[in-house]
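Chain and residue survey
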Amino acid sequence: MELSNRLFEVMARGLQLEDPLLFVNAHKGIKGPDNTTTLRTLYYPPISQDIELKPNQIRCGEHSDYGSMTLLFQDDIGGLEIQCLDGSFIDATPIDGSIIVNIGDLMQRWTSDKLVSAVHKVGIPKSIKKRESSRQSIAFFNVPDNFSVVMCVDGSDKYPAIRPDDYLKHKFYETFKI
Ligand SMILES: O=C(O)CCC(=O)C(=O)O
Ligand SMILES: [Fe+2]
């Protein structure tokens, strides 16, 4: 949480916002009932050699995270890939002691596309040894408070103002059509 707040402040200062704590303040309810920030551990079971893989088999499908910012801790197995602006994917090769910072969709809306949400997926490691090991990652999905309003910080109307909980409902609907 402390690290997220430091990064939120750095982002706001980098964007030269009038209020450098704008993003920090929109996450103040993080421990309460009106904030859906989540810490999730993700376990990918080992893939033994006798398992038949489909062509282009992946461990986690292509997506961007819907919140403001995700801090992602991965082990040394690898497989995470990030999409570049030209549409190709590059490996986010694990670096010991590092954390991956992914911008989420709500931050992209908030900053009128100045910060772009990172499309990513988890593929199968090429090395047999790594494939046969399980993979563990931990994601800290930051989401602004339900009652905050995400509106373009540059004063434009590129995206209509939206509450994070309404945005989540809209995303669920788009994904599952329920
Ligand atoms: O396990 C990973 O490295 C990524 C997981 C992920 O992207 C997600 O859960 O949103
Ligand atoms: Fe993700």
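Predicted model only: the values in this text are computed from it and were never measured. (Residues numbered from 1 in each chain as written. Chains lettered and ligands numbered in written order. Predicted model: local features only at pLDDT ≥ 70, side-chain atom pairs only at ≥ 80, totals over all residues. Heavy atoms only, no water.)

**Some thoughts on the overall build of the chain**
Secondary structure summary: the chain contains five helices and eight strands in total. Put simply, the chain runs from its N terminus to its C terminus through helices and strands in the order α-α-β-β-β-β-β-β-α-β-α-β-α. A compact globule built from 178 residues would reach a C-alpha radius of gyration of about 16 Å, and the chain, at 18 Å, matches this within 12%. The dimensions of the chain, computed from C-alpha atoms along their principal axes, are 55 × 40 × 35 Å. (Helix = DSSP H or I, 4+ residues; strand = E, 2+ residues; numbered from the N terminus. Rg over C-alpha atoms; globule rule 2.2 N^0.38 Å.)

**Focus: the pairing of strand 4 (residues 80-83)**
Relative to strand 7 (residues 120-123), strand 4 runs antiparallel, the two being bridged by three bridges. Residue pairing in the sheet places L80 in a bridge with V122 of strand 7. When strand 4 meets strand 5 (residues 89-91), the two strands line up antiparallel, connected through three bridges. Along strand 5, the bridge assignment pairs Q83 with F89. Here strand 4 folds back onto strand 5 in antiparallel fashion, the turn holding five residues, of which G87 has a positive phi close to 95°. (Pairing = 2+ DSSP bridges.)

**Description of the side chain of S4**
Relative to the helices and strands, S4 is located in helix 1 (residues 2-14). On the basis of relative accessibility, which here comes to 1%, the residue S4 falls in the buried class. In contact with S4, not counting residues within four places along its chain, are M69, L71, F140 and N142. (Buried < 20%, exposed > 50% of the residue type's maximum accessible area, 1.4 Å probe, protein only. Contact = heavy atoms within 4.5 Å.)

**Regarding the coordination of the iron ion (ligand 2)**
Bound to the iron ion (ligand 2) on the protein side are H63 (NE2), D65 (OD) and H120 (NE2), at distances that span 2.1 to 2.2 Å. Every donor residue of the iron ion (ligand 2) comes from the same chain, spaced as H-x1-D-x54-H. Highlighted residues: H63 in strand 2 (residues 58-63) and H120 in strand 7, separated in sequence by 57 residues. (Donors = N, O, S within 2.8 Å, 3.2 Å for Na, K, Ca; no water.)

**Things to note about the sheet that holds strand 8 (residues 135-142)**
Reading across from one edge, 1-8-3-6 is the order of the four strands in this open sheet, with antiparallel pairing throughout. Single-partner strands in this sheet number two, and they are strand 1 (38-44) and strand 6 (100-103). Across this sheet, the average inter-strand angle for adjacent strands is 20°, counted without regard to direction. The sheet contact formed by strand 1 and strand 8 spans seven bridges and is antiparallel. Counterpart to T41 in the pairing with strand 8 is I138. The sheet contacts of helix 1 involve strand 3 (69-74), strand 6 and strand 8, and relative to strand 3 the element is tilted by about 130°. (Axes fitted to C-alpha atoms, helices over the stretch in contact; angles between N-to-C directions.)

**With respect to unusual backbone geometry**
Of note in the backbone geometry, Q16 takes a positive phi value of approximately 55° without being a glycine. Take Q16: it is sitting in the loop between helix 1 and helix 2 (22-25). Not every positive phi belongs to a glycine, and D113 is a case in point at roughly 75°. Assignment of secondary structure puts D113 in the loop between helix 3 (105-110) and strand 7. According to the relative accessible area criterion, D113 is partly exposed, its value standing at 23%.

Purely spatial values, then, with no claim about function.
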